[in-house]
Amino acid sequence: MTTRVLILCTHNSARSVLGETMLNHLAAKLGKDVKAYSAGSSPKGQVNPFALKVLDAAGLDTSYVRSKSWDEFSAADSPKMDIVITVCDSAAAETCPYWPGAPVKAHWGFPDPSNAEGGDASKATAFEITRQAIGYKLLQLLALPLEELNSSELQAALNEISKS
């Protein structure tokens, strides 16, 4: 049974898109039955070009990537999400989206690489560092025996990943 993961941030243009693309890529590479989606509570309507550049440079398929509202995933006919991960940075005064309901939830805060100062080279570096940091946590998620864990065990495991 496919484990569905929704990765949320505010604008769905950078961090959540990096997470969706990385998780789908890593799950396929590792043979895991996991499907990632991303969305934002206030989507910008476009994916940050730096996000696309670092994903392309890493050899990931970005053909399906687009900025989406979380409304797409709250409709009655939407797929049920098993895990919801927020990747916004409340320390930077961002309002992290709240997802109602019963899925297992985790918060993995990452600074917005779009705010990196110093020009395009600095932004590209910030996006690559963010891609790698998100990928590290996603690899920990994929190392879990997802099909064997109940909700409380999965929540405890995600809480541990949040600390790393």
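Residues numbered from 1 in each chain as written. Predicted model: local features only at pLDDT ≥ 70, side-chain atom pairs only at ≥ 80, totals over all residues. Heavy atoms only, no water.

Caption draft 1: Highlighting the overall build of the protein. When you go through the protein residue by residue, the secondary structure sums to four helices and four strands. Walking the protein from its N terminus toward its C terminus, one meets helices and strands in the order β-α-β-α-β-β-α-α. Relative to a compact globule of 164 residues, whose C-alpha radius of gyration would be 15 Å, the protein shows 15 Å and is just as compact. Taking the principal axes of its C-alpha atoms as reference, the protein extends roughly 45 × 30 × 30 Å. Looking at the protein residue by residue over its 164 residues, the buried ones come to 47%. Excluding contacts between residues fewer than 6 apart, the proportion of contacts in the protein whose partners are at least 24 apart in sequence is 69%. Counting every atom, the protein has about 8,100 Å² of accessible surface; 53% of that belongs to carbon and sulfur. (Helix = DSSP H or I, 4+ residues; strand = E, 2+ residues; numbered from the N terminus. Rg over C-alpha atoms; globule rule 2.2 N^0.38 Å. Buried < 20%, exposed > 50% of the residue type's maximum accessible area, 1.4 Å probe, protein only. Contact = heavy atoms within 4.5 Å. Areas by Shrake-Rupley, 256 points an atom, 1.4 Å probe, with all protein chains shown as cover.)

Caption draft 2: Representation of the sheet that holds strand β1 (residues 3–9) within the structure. The strand order across the open sheet formed by four strands is β2-β1-β3-β4, and the pairing between neighbours is parallel. Only two strands of the sheet have a single neighbouring strand rather than two, namely β2 (34–40) and β4 (104–107). Sheet twist, expressed as the average angle between the axes of neighbouring strands with direction ignored, equals 20°. Across seven bridges, β1 lies against β2 in parallel orientation. Within β2, the position partnered with I7 by the bridge is S38. Set on the sheet, helix α1 (residues 15–30) makes contact with β1 and β2; between it and β2 the angle comes to about 175°. (Pairing = 2+ DSSP bridges. Axes fitted to C-alpha atoms, helices over the stretch in contact; angles between N-to-C directions.)

Caption draft 3: Structural detail: the nonpolar core. Core analysis: the largest hydrophobic core is formed by 38 residues, its most contacted members being V5, L23, I85, W108, L138, L141 and L158. Broken down by secondary-structure element, the contributors of at least two residues to this core are β1, α1, β2, α2 (49–57), β3 (83–86), β4, α3 (120–143) and α4 (151–163). When residues in this core are grouped by element, the largest group, six residues, is from α1. In this view, W108 contacts I85, T86, V87, C88, K137, L138, L141, L158, I161 and S162; residues no more than four positions away in its chain are not counted. (Core = buried A, V, L, I, M, F, W, Y, C linked by side-chain atoms within 4.5 Å.)

Caption draft 4: Structural detail: the side chain of K68. Checked against the element boundaries, K68 lands in the loop between α2 and β3. Looking at K68, its side chain comes within polar contact range of the side chain of E20, at 3.2 Å. Apart from residues lying up to four places away in sequence, K68 is in contact with N12, E20, S38, A39, G40, P43 and F73. (Polar contact = N/O pair within 3.5 Å; in protein donor to acceptor, adjacent residues only side chain to side chain.)

Caption draft 5: Looking closely at the pairing of β1. Where burial is concerned, most of β1 is hidden: six out of the seven residues are buried. Since β1 and β2 lie parallel, the crossover through α1 that links them has a hand, and here it is right-handed. Two elements, β1 and β3, share four bridges in a ladder whose sense is parallel. Counterpart to L6 in the pairing with β3 is V84. (Right-handed = clockwise from strand over helix to strand, strands pointing away.)

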